[in-house]
Amino acid sequence: MDYIIRDAVADDMPQVLSLIEELAIFEKEPDAVDVTVQDLIKDGFGAQPLFHCFVAETKDEIVGLALVYFRFSTWKGRTVHLEDLIVRESKRGTGIGMALYKRVMLYGKEKGVKRVEWNVLDWNKPAVDFYLKSGAKILEGWQVVQMDEQGLNEFVSKI
């Protein structure tokens with residue numbers, strides 16, 4: 001399969017959103033995506049971009065993406081967070097996921113960070129196996145904690 005890995009541009013965001021929606025369906029949360037194409041353009045390509053996106057492109061479509069942004073660790077300093085690595089279901093097993101993953105790790109190295117981090121669902125055995133095989137570590141004993149919009153609103157209303 002012929003494809004290239006490149007930096008995303010604003011015009012790619014409709015296809016990027018399509019991949020994000022495909023991931024939400026895969027992760028059994030088809031109604032969870034609130035972000036819009038306009039949000040992606042504003043937040044990824046404005047004066048102060050909040051993320052960087054790499055895409056895997058074939059001749060006629062974007063078939064994968066890796067979206068990253070910087071975080072700060074009190075122990076390590078600046079780190080890269082891999083928010084999502086998505087490959088269209090019909091293109092999995094073709095090497096595109098590994099190519100995107102390698103590009104993210106190279107990006108971390110280029111930016112001089114001491115860590116690249118991400119989350120993986122424990123039931124997503126192919127992804128878990130993929131990451132472990134690459135040498136990544138899955139931290140036992142750590143739980144992801146989030147305050148969703150409703151919880152945030154309720155909490156703030158009590159302050």
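To keep things clear, this report deals only with the structure shown in the data block. (Residues numbered from 1 in each chain as written. Predicted model: local features only at pLDDT ≥ 70, side-chain atom pairs only at ≥ 80, totals over all residues. Heavy atoms only, no water.)

## Here's the deal with the side chain of Glu117
Moving on, step 1. Structurally, Glu117 is set in strand E5 (residues 116–117).
Moving on, step 2. There is a polar contact of 3.2 Å between the side chain of Glu117 and the side chain of Arg115.
Moving on, step 3. Glu117 has contacts with Arg71, Thr79, Val80, His81 and Leu82, leaving out every residue within four places of it along the chain. (Helix = DSSP H or I, 4+ residues; strand = E, 2+ residues; numbered from the N terminus. Polar contact = N/O pair within 3.5 Å; in protein donor to acceptor, adjacent residues only side chain to side chain. Contact = heavy atoms within 4.5 Å.)

## Regarding helix H4 (residues 125–134)
Think of an α-helix as turning once every 3.6 residues; residues three or four places apart then point the same way.
Moving on, step 1. For H4, the complete set of buried residues consists of Ala127, Val128 and Tyr131. Here the buried residues of H4 occupy an arc of 100 degrees about the axis, which is enough to place them on one side. When the buried face of H4 is taken as reference, the exposed residues oriented beyond 90 degrees from it are Lys125, Pro126 and Lys133.
Moving on, step 2. For H4, the elements touching its buried residues are strand E4 (77–87) and helix H3 (96–110). (Buried < 20%, exposed > 50% of the residue type's maximum accessible area, 1.4 Å probe, protein only. Arc of directions from axis to C-beta.)

## Details of the side chain of Ser73
Moving on, step 1. Looking at the secondary structure, you find Ser73 in strand E3 (residues 62–73).
Moving on, step 2. For Ser73, a relative accessible area of 9% puts it in the buried group.
Moving on, step 3. In this structure the side chain of Ser73 is engaged in a polar contact, spanning 3.2 Å, whose partner is the side chain of Arg115.
Moving on, step 4. When near neighbours in sequence (up to four residues on either side) are disregarded, Ser73 contacts Thr79 and Arg115.

## Describing a nonpolar patch on the surface
Moving on, step 1. A cluster of nonpolar side chains, namely Met147, Leu152, Phe155, Val156 and Ile159, defines an oily patch on the protein surface of about 540 Å² accessible area.
Moving on, step 2. For Val156, a relative accessible area of 46% translates into the label partly exposed. (Patch = residues over 30% accessible without salt bridge, like charges linked within 9 Å, V, L, I, M, F, W, Y side chains within 5 Å. Areas by Shrake-Rupley, 256 points an atom, 1.4 Å probe, with all protein chains shown as cover. Salt bridge = Lys/Arg side-chain N within 4 Å of Asp/Glu carboxyl O.)

## Notes on the pattern of salt bridges
Moving on, step 1. By the definition in use, this model includes nine salt bridges.
Moving on, step 2. Two residues, Glu110 and Arg103, come together in a salt bridge whose shortest N-O distance is 3.3 Å.
Moving on, step 3. In this structure Arg103 comes out as partly exposed when scored by relative accessible area, which is 21%.
Moving on, step 4. Within this structure, Arg6, Asp12 and Glu57 form a network of salt bridges that share partners.

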